[in-house]
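Here is what each chain is made of, one letter per residue.
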Amino acid sequence: WVAMEPWNVGILVLGAKNLPKLDVFGLSDPYCCVSVLSCGKNIEKEHIAQLEHNVSKLTASEHAAVIRSKTDKSLKNTFKILPQNRTRVVRKSLTPRWSQIFQFREARSVKIDSTSDALTVLEQKVPISSDQRLKMLITVHDRDVAMKDDFSGRLVIDLKPHEPVEGEFPLLSEEGEPLVGHSGEPSTILLKAVYSMCEYLDEPLTEKEVEEGEGEFCKFAVTSMQGWRTTMEDAHCASLDLDGKKSCFFGVYDGHGGADVAA
């Protein structure tokens, strides 16, 4: 019998490109908010399209009052929730680089109220398991010290167990249209996400391990770092005399689930 690790979602927010210019006398001061949503069976795309992150300076009680008011069916265009996590602010940039990782063991529950037929987001969170309909909500905002932070763009992605998400994704405006940046090109966000039983550390292990080797006609060196994972999941191979005919073989293997999988 082997004890199983808890299910979780790991999200690495790398950066964004071609964001709109939102500051009057400058560029933008962008940051990114991230939440994981556990959606009921009757939640559709149009329901998720109502969700945004609340980045206003509200107290907990004031925010709870906003949440209750948003369950009214007449308020269908905006339904704001507190973000579970957010990146740091990058000053004066339309191409911010955050490179921050977030780990979620709980998701925010999203349901349709059976009595009022209204969208409801529960403040309490539910543990993540393998049988949930999970969605990742990401919104990008412009930090404004004197006034309310400006909304820039949003992204919603379906998450499935053991199916990593990685790439550059287009952001959408509040109206659901493709967001166009100051350059006239589409605004995008770069990220990686995985919904699995893998664990992440609170801080990365940055100690380097170096291996060197030398054969009859070549030399090699390998440097490895464990990073955010609880164990080293990658592997490498270096053979300086593969078949006795001066052939070498070098390989680097990316592991998802342990070094044995990588090798």
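The structure under discussion appears in the preceding block.
Residues numbered from 1 in each chain as written. Predicted model: local features only at pLDDT ≥ 70, side-chain atom pairs only at ≥ 80, totals over all residues. Heavy atoms only, no water.

**Student:** Summarise the overall build of the chain; cite the residues concerned and give the values.
**Tutor:** Summing up its helical and strand segments, the chain has 3 helices and 16 strands in all. A sequence separation of at least 24 residues applies to 65% of the contacts in the chain between residues at least 6 apart. For the chain, the accessible surface area stands at approximately 15,100 Å², while carbon and sulfur atoms represent 52% of it. (Helix = DSSP H or I, 4+ residues; strand = E, 2+ residues; numbered from the N terminus. Contact = heavy atoms within 4.5 Å. Areas by Shrake-Rupley, 256 points an atom, 1.4 Å probe, with all protein chains shown as cover.)

**Student:** Summarise the pairing of strand β12 (residues 188-196); cite the residues concerned and give the values.
**Tutor:** Within β12, 8 of the 9 residues are buried, which leaves the element mostly enclosed by the surrounding structure. Across 9 bridges, the pairing between strand β1 (residues 8-17) and β12 is antiparallel. Bridge pairing in β12 places Gly15 opposite Leu190. Two elements, strand β11 (residues 165-170) and β12, share 6 bridges in a ladder whose sense is antiparallel. Bridged to Gly167 within β12 is Leu191. (Buried < 20%, exposed > 50% of the residue type's maximum accessible area, 1.4 Å probe, protein only. Pairing = 2+ DSSP bridges.)

**Student:** Provide a residue-level description of the pattern of salt bridges, including the pertinent values.
**Tutor:** Inspection of every chain in the model, using the stated rule, returns 5 salt bridges. When the shortest N-O distance is used, the salt bridge between Glu168 and Lys17 registers 3.7 Å. Of this pair, Glu168 sits in strand β11 while Lys17 sits in strand β1; the two residues are 151 residues apart in sequence, bridging distant segments of the chain. According to the relative accessible area criterion, Glu168 is partly exposed, its value standing at 42%. With relative accessibility at 36%, the residue Lys17 sits in the partly exposed group. (Salt bridge = Lys/Arg side-chain N within 4 Å of Asp/Glu carboxyl O.)

**Student:** How would you explain the side chain of Thr139 if you had to name every residue and give the values?
**Tutor:** As for its placement among the helices and strands, Thr139 is situated in strand β9 (residues 133-142). By relative accessible area, Thr139 is classed as buried at 0%. Among the polar contacts made by the side chain of Thr139, one reaches the side chain of His53 at a distance of 2.7 Å. Among the polar contacts listed, one links the side chain of Thr139 to the side chain of His141, at a separation of 2.8 Å. Beyond its immediate stretch of four places on either side in the chain, Thr139 contacts Tyr31, Cys32, Cys33, His53, Phe151, Gly153 and Arg154. (Polar contact = N/O pair within 3.5 Å; in protein donor to acceptor, adjacent residues only side chain to side chain.)

**Student:** Tell me about the nonpolar core, residues and numbers included.
**Tutor:** With 32 residues, the main nonpolar core has Val9, Ile11, Ile128, Ile189 and Leu191 as its most contacted residues. If you list the elements that add at least two residues to this core, you get β1, β2 (30-39), β6 (97-104), β9, β10 (150-159), β11 and β12. Apart from the residues within four sequence positions on either side, Ile128 is in contact with Trp7, Asn8, Val9, Val36, Phe104, Arg105, Glu106, Ala107, Leu134 and Tyr195. Ile43, Ile48, Ile81 and Leu137 belong to the second-largest nonpolar core, a separate cluster that totals 10 residues. (Core = buried A, V, L, I, M, F, W, Y, C linked by side-chain atoms within 4.5 Å.)

**Student:** Can you explain unusual backbone geometry? Please cite residues and give values.
**Tutor:** Its identity is not glycine, yet Lys92 carries a phi of approximately 50°, on the positive side. Summarising the element assignment, Lys92 is placed in the loop between β5 (85-86) and β6. Of note in this structure, Ser99 is not a glycine but carries a positive phi near 50°. Of note, Ser99 is situated in strand β6.

**Student:** Go over the layout of surface pockets with me, naming the residues and quoting the values.
**Tutor:** If you roll a probe as big as a water molecule over the atoms, it shows you where there is empty space left. Taken as a whole, the second largest pocket encloses approximately 290 Å³ of empty space. Every residue lining the second largest pocket is counted, 13 residues in all, and those nearest its centre are Glu209, Ser224, Met225, Gln226 and Met232. Elements with a minimum of two residues in the lining of the second largest pocket: β13 (200-214), β14 (219-229) and β15 (235-239). With 5 residues, the top contributor of residues to the lining of the second largest pocket is β14. (1 Å grid on protein atoms, 1.4 Å probe; cavity = no way out; pocket = protein on both sides within 12 Å on 5 of 7 lines; lining within 4 Å. Points joined across faces, edges and corners; volume = space filled by probe spheres on them.)

**Student:** Outline the sheet that holds β1, listing residues and values.
**Tutor:** Here 4 strands make up an open sheet; going across it, the order is β6-β1-β12-β11 and the pairing antiparallel. The outermost strands of the open sheet, each flanked by one partner alone, are β6 and β11. Looking at each pair of strands side by side, their axes are set apart by 20° on average, direction ignored. (Axes fitted to C-alpha atoms, helices over the stretch in contact; angles between N-to-C directions.)

**Student:** So what's going on with the packing of aromatic side chains? Residues and values would help.
**Tutor:** One pass over the structure, following the stated rule, counts 2 aromatic pairs. Arranged with centres 5.7 Å apart and planes meeting at 70°, the rings of Trp7 and Tyr195 form a pair that is edge-to-face. With a gap of 188 residues between them, Trp7 in the segment before β1 and Tyr195 in strand β12 connect regions that are remote in the sequence. We classify Tyr195 as buried; its relative accessible area is 1%. Relative to Phe250, the ring of Phe220 lies with its centre 5.8 Å away and its plane at 55°, an arrangement referred to as tilted. (Phe/Tyr/Trp six-rings, centres within 6.5 Å; stacked < 30°, edge-to-face > 60°.)

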